[in-house]
Amino acid sequence: MITSTKAPPVDVHGKPEQDSALHIRALTKTFGNVEVLRSIDLDVRPGEFLTLLGPSGSGKTTLLRIIAGFEAATSGVLRLDGVDLGSLAPAERRLGMVFQNYALFPHMTVAQNVAYGLKLRKWSGARLESRVNEMLEIVGLGQHAGRKPAQLSGGQQQRVALARALAYEPDILLMDEPLGALDRSLRLQMEEEIKRVHRQIGTTVIYVTHDQEEALVLSDRVAIMNEGRFAGLDTPMSLYHRPPNSFVAKFFSDSNVLQGEVRDGAVHAYSQVFPTHADFTGPVSLAVRPKAFVLGAGSSPAPGLRFRARVEECHLLGEHEQIQAHVPEIGRVIVRRDIDGGCAAGIGDDVDLFVPAASINIMRD
């Protein structure tokens, strides 16, 4: 394990870093005239499952590659357990990697694939064999040790890749879109496998995805990236229910974002008013999750916002129906409802929409 004999480093605020497995400050990356990462600050806690989530081009994979050592940062501080990573080659960083394409050796057996990294680190004999068997049992592949990757399903191959990356006890496991090549059913199974293995082993994980559902299911915290910056960094529950800005509201919870103003202890929006505990005044954005809208509740006495809308599209999403409706004051809004309850609506119908004040998140963008 990489260790340092120096006193624990401190961050830019003078605080010690001993509570961080990975410490990043003011990290930037520029390709030509394009600034891909813009002054990133991040502390990853020991044993944490942190997900980097964002659309294509947001910078999440570039950040992961810099942590791994495959790219060099333009500027900034990057330390692992107090040791400067900029001076270490990728192989010296004690980081495990799991990729979308598995990167297994097709001519090797499952056991040989898992043993590969251990042999590079001079493990041998009974110690190596015991560790390979232990990892294959952890990922549920003990009976497949002698098979070749081509004889396994996609999910099983990904579990081999996971076992290989964790076998030599890396300080941090980096996972780059590991489930992107799997179908939905296998992705759901692998999400449960990854959660179980992380719970059992406790390795610090940094996980890259563009899938909001994966981030919700897997993460202790989620760092939502947009244009090279963190738009939000918090627990999945906090980001989903209390998004800090419009981008997070739209990207993470598919929220409708409306406009309003806070004054005199109330929100004023679309010629309507409802009370608020907000301790500020001025223009605000109002995030409304699709399921927060109540269809056919125009006469509700509760505080909130009411609209008359025309249904433009209806789509079945398993147990939910997604409705695209046009509100004259706003434009398009997205509504979701349970298919076995509430008011049904067809394309071209005029409907009442209501969202309770308690379900509206007020943001100062």
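Structure report, in brief. (Residues numbered from 1 in each chain as written. Predicted model: local features only at pLDDT ≥ 70, side-chain atom pairs only at ≥ 80, totals over all residues. Heavy atoms only, no water.)

## Focus: the overall build of the chain
Note the cut-off: Secondary structure follows DSSP: runs of H or I at least 4 residues long count as helices, runs of E at least 2 residues long count as strands, and numbering of each begins at the N terminus. For every residue, the accessible area obtained with a 1.4 Å probe (protein chains only) is divided by the maximum for its type, and the residue is called buried under 20%, exposed over 50%, and partly exposed between those limits. Working rule for contacts: check all heavy atoms of both residues, and any pair within 4.5 Å makes them a contact. Here, Shrake-Rupley sampling with a 1.4 Å probe gives the accessible areas, and only protein chains in the shown set may cover a residue. When charges are tallied, Lys and Arg are placed among the positive residues and Asp and Glu among the negative ones, while His and the ends of the chain are skipped. In plain terms, the charge of a residue is placed at NZ if it is Lys, CZ if Arg, CG if Asp and CD if Glu.
When helices and strands are tallied, the chain shows eight helices and 20 strands. Principal axes of the C-alpha set define a box for the chain whose edges measure 75 × 50 × 35 Å. Residues classed as buried in the chain amount to 48% of the 365 residues present. For the chain, restricting intrachain contacts to residue pairs at least 6 apart in sequence, the fraction spanning at least 24 positions comes to 66%. When the accessible surface of the chain is summed, it comes to about 17600 Å², and 49% of that surface belongs to carbon and sulfur atoms. Positive and negative charge centroids in the chain, built from 39 and 43 side chains respectively, lie 5 Å apart.

## Describing the sheet that holds strand β16 (residues 304-317)
In any sheet, the strands associate via hydrogen bonds between backbone groups, in a parallel or an antiparallel arrangement. Note the threshold: For two strands to be treated as a pair, DSSP must find at least two bridges joining them.
Ordered by their spatial adjacency, five strands build an open sheet running β15-β19-β16-β17-β18, and the pairing between neighbours is antiparallel. With one partner strand each, in any of the chains shown, β15 (294-295) and β18 (331-338) form the two edges of the open sheet. Relative to strand β17 (residues 320-327), β16 is paired through seven bridges, and the arrangement is antiparallel. Looking across to β17, one finds that R310 is bridged to H326.

## Notes on the sheet that holds strand β12 (residues 266-269)
Under the convention used in this document: Here the axes come from fitting lines to C-alpha atoms, over the contacting stretch only for helices, and the angles between their N-to-C directions go from 0 to 180 degrees.
Reading across from one edge, β13-β12-β11-β14-β20 is the order of the five strands in this open sheet, with antiparallel pairing throughout. The open sheet has two edge strands with one neighbour each: β13 (272-275) and β20 (361-363). Strand-to-strand twist in this sheet, taken as the mean axis angle between neighbours without regard to direction, amounts to 35°. Two elements, strand β11 (residues 256-263) and β12, share three bridges in a ladder whose sense is antiparallel.

## Some thoughts on helix α2 (residues 110-120)
By the burial criterion, the buried members of α2 are V110, N113, V114, A115, G117 and L118. One or two steps after α2, the chain reaches K122, where phi turns positive at roughly 70°.

## Focus on the pattern of salt bridges
We count it as follows: The term salt bridge refers to a pairing of a side-chain nitrogen on Lys or Arg with a carboxyl oxygen on Asp or Glu at a separation within 4 Å.
What the rule picks out here adds up to 16 salt bridges. Across the pair E48 and R221 runs a salt bridge, and its minimum N-O distance is 2.4 Å. With a gap of 173 residues between them, E48 in the loop between β2 (34-44) and β3 (49-53) and R221 in strand β9 (residues 221-226) connect regions that are remote in the sequence. For R221, a relative accessible area of 9% puts it in the buried group. Because the salt bridges share partners, they merge into one network encompassing K29, R65 and E71.

## What to know about the pairing of strand β4 (residues 75-80)
Here strand β1 (residues 22-31) runs beside β4; their pairing, made up of five bridges, is antiparallel. Its bridge partner lying in β4, L22 is registered against L80. Bridging between β4 and strand β5 (residues 83-84) involves two bridges; their strand directions are antiparallel. If you follow R79 over to β5, its bridge partner there is D84. In this antiparallel pair of consecutive strands, β4 and β5, the connection spans two residues, and D81 shows a positive phi of 50°.

## Here we look at the nonpolar core
What counts is decided by this rule: Grouping buried Ala, Val, Leu, Ile, Met, Phe, Trp, Tyr and Cys residues that are joined through side-chain atoms within 4.5 Å yields what is termed a nonpolar core.
By size, the foremost hydrophobic cluster in this structure holds 36 residues, and its most contacted members are V114, L162, L173, M175, I194 and Y207. Ranked by residue count, the leading element in this core is helix α4 (residues 154-166), at six residues. If we ignore the near neighbours within four places in the chain, the residues touching M175 are L64, V98, L162, I194, V205, I206, Y207 and V208.

## Overview of the packing of aromatic side chains
A ring pair, where both rings are aromatic, is described by two values, the distance of the centres and the angle of the planes. Selection rule: Within 6.5 Å between ring centres, the rings of Phe, Tyr and Trp (the latter by its six-membered ring) count as paired, and their orientation is classed by plane angle as stacked under 30 degrees, edge-to-face over 60, tilted in between.
Taken as a whole and judged by the stated rule, the model has five aromatic pairs. Here the aromatic rings of F105 and Y116 are separated by 4.6 Å at their centres, their planes lie at 55°, and the arrangement is tilted. Of the two residues, F105 is situated in the loop between β6 (95-98) and α2 and Y116 in helix α2; the sequence distance between them amounts to eleven residues. Since its relative accessible area comes to 25%, F105 is described here as partly exposed.

## Focus: unusual backbone geometry
Although it is not a glycine, D81 adopts a positive phi angle of roughly 50°. Of note, D81 is situated in the loop between β4 and β5. Among the residues examined, D81 registers a relative accessible area of 33% and is labelled partly exposed. Unlike most non-glycine residues, K122 shows phi in positive territory, near 70°.

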